[in-house]
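Structural description and commentary
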Amino acid sequence: KCLPALRRWCVIACKRLSGTSLAVEGRVLRAVLYVYHSRLLRHRPYLALQQVEQCLKRLWKMNLVGCIETLAELIPKKNTSQGHEECLVPSQPVLETVALKVLGGCKLILRLLDCCCKAFLLSVKHLCSEEFILLNTVASGLLSRLWFVIQYRCVLQSLVSLYGMLSTSLHLVSETQQMPYIRGFTFPSDICNFLGVNVSSEMKKQKARMLTTKKPTSWMKKFFPTMPEAASEVGKKRNSATYRSAVKNCSIPCPTDIGEPVL
């Protein structure tokens, strides 16, 4: 009975780990680090971005998706031996290897989320100090999107659920035929005790920290002044025909400030 559930969670975890959005955010992060490498070697938000990129690199190099896909291929799609006492199941060494990688992947994703939160807070802090405005603006948006992608796609939650099914299957297989492969390590029955935190509560704490951060509005008001009410009323009453005629008229001088309305 555990085999269909184990296969289903393997497929779900692979889909959420191999999503295009997570890979795209990783490529954008590497591109930003490459552009600012020679300029901001000692800048604290830049160093925090490097830690985030290092966690992502380790997550891809551990080949967690390939390991889970191999396990899913070993599980039969349909139980063809329902009338017999025996059925084909993955061996204990395979289950132990995948379970160990899932534990390491959960630890690494927790570290990645923590680094994203710390780097985001640093970027906003330096943004409020009006330091490296372009870099910190890009970094804060990128980090919030990366953190949201991991939370929205429930990457960590799917790995936690997959480990629960792996632990049950590993227990049953080891009782049937003991073939221990990893020695000197006891697989925890509850992954939350191994991780040391409750996954859902930790995500809520990080989200609260990121949402309650001081907003850098002072420098934005300097670069983009608010439009006067009179000008805004004029802009609302202006129709599309008047706007097209004004655009075609080349004698109208260009405004000096992008915040000023074009009449």
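Just so you know, the residues in each chain are numbered from 1, in the order the chain's sequence is written. In keeping with the model being predicted, local features are shown solely for residues with a pLDDT of at least 70 and side-chain atom pairs are shown and tallied solely at 80 or more, while totals for entire chains, interfaces and linings include all residues. Values reported for side chains reflect all heavy atoms of the structure, with hydrogen atoms and water molecules removed beforehand.

**Some remarks on the pattern of salt bridges**
- Basic side-chain nitrogens of Lys or Arg form a salt bridge, by our definition, when they fall within 4 Å of a carboxyl oxygen of Asp or Glu. Overall, the coordinates contain 4 salt bridges when judged by the stated rule.
- The partner of Asp114 in a salt bridge is Arg111, with the nearest N and O atoms 3.9 Å apart. With Asp114 and Arg111 both in helix α5 (residues 92–128) and 3 residues apart, the pair spans about one turn of that helix.
- Relative accessible area serves as the criterion here: at 18%, Asp114 is assigned to the buried category. Each helix is a run of H or I in the DSSP string that is no shorter than four residues. Each strand is a run of E no shorter than two, and both are numbered from the N terminus. For the exposure calls, accessible area comes from a 1.4 Å probe over protein chains only, and a residue counts as buried if that area is under 20% of its type's maximum, exposed if over 50%, partly exposed in between.

**Brief notes about unusual backbone geometry**
- Even without a glycine there, the phi angle at Asn63 is positive, about 55°.
- Judged by its relative accessible area of 45%, Asn63 is partly exposed.

**Looking at the side chain of Ser158**
- The residue Ser158 is located in helix α7 (residues 155–176) in this model.
- Residue contacts are counted whenever heavy atoms from the two residues lie within 4.5 Å of one another. Here Ser158 is in contact with Trp9, Ile12, Ala13 and Arg16, once residues within four sequence places are set aside.

**Description of the confidence of the model for the protein chain**
- Values of pLDDT, which run from 0 to 100, indicate the predictor's confidence residue by residue. Looking at the protein chain, pLDDT values average 76 and 73% of them are 70 or higher.
- Mean pLDDT in the protein chain bottoms out at helix α12 (residues 240–248), which sits at 47, and peaks at helix α4 (residues 64–74), which reaches 90.
- Across residues 238–243, confidence stays below pLDDT 50; counting only partners more than four residues off in sequence or on other chains, it has 3 contacts.
- Confidence over residues 246–258 falls short of pLDDT 50; this stretch has 6 contacts with residues more than four positions distant or in other chains.

**What about the nonpolar core?**
- The definition of a nonpolar core used throughout is a set of buried Ala, Val, Leu, Ile, Met, Phe, Trp, Tyr and Cys residues joined through side-chain atoms within 4.5 Å. Membership of the largest hydrophobic core comes to 68 residues, with the highest contact counts inside it found for Val52, Ile68, Val102, Ile109, Leu159 and Leu166.
- Looking at this core, the elements that each hand over two or more residues are α1 (2–17), α2 (20–35), α3 (44–61), α4, α5, α6 (133–152), α7 and α8 (191–195).
- With 17 residues, the single largest contributor to this core is α5.
- When neighbours within four sequence positions are excluded, Val102 is seen to be in contact with Leu64, Ile68, Leu159, Leu162, Tyr163 and Leu166.

**Digging into the layout of surface pockets**
- Here a cavity denotes grid points, spaced 1 Å and computed from the protein atoms alone, that fit a 1.4 Å probe unable to get out, and a pocket denotes an open set having protein on both sides within 12 Å along at least 5 of 7 lines; residues with an atom within 4 Å of a point are the lining. Grid points are joined across faces, edges and corners, and a volume is the space filled by probe spheres set on the points. One number sums up the size of the second largest pocket: a volume of about 220 Å³.
- At the level of secondary structure, the elements contributing two or more residues to the lining of the second largest pocket comprise α5 and α7.
- Of all the elements, α7 adds the most residues to the lining of the second largest pocket, at 6 residues.
- The residue classification treats Ala, Val, Leu, Ile, Met, Phe, Trp, Tyr, Cys and Pro as nonpolar and Asp, Glu, Lys and Arg as charged. All others, Gly included, are polar. Considered class by class, the residues forming the lining of the second largest pocket number 8 nonpolar, 6 polar and 1 charged.

**With respect to the environment of Tyr46**
- By the secondary structure assignment, Tyr46 is in helix α3.
- Sequence spacing of Tyr46 and Val32 is 14 residues, and the spatial spacing of their C-alpha atoms is 9.5 Å.

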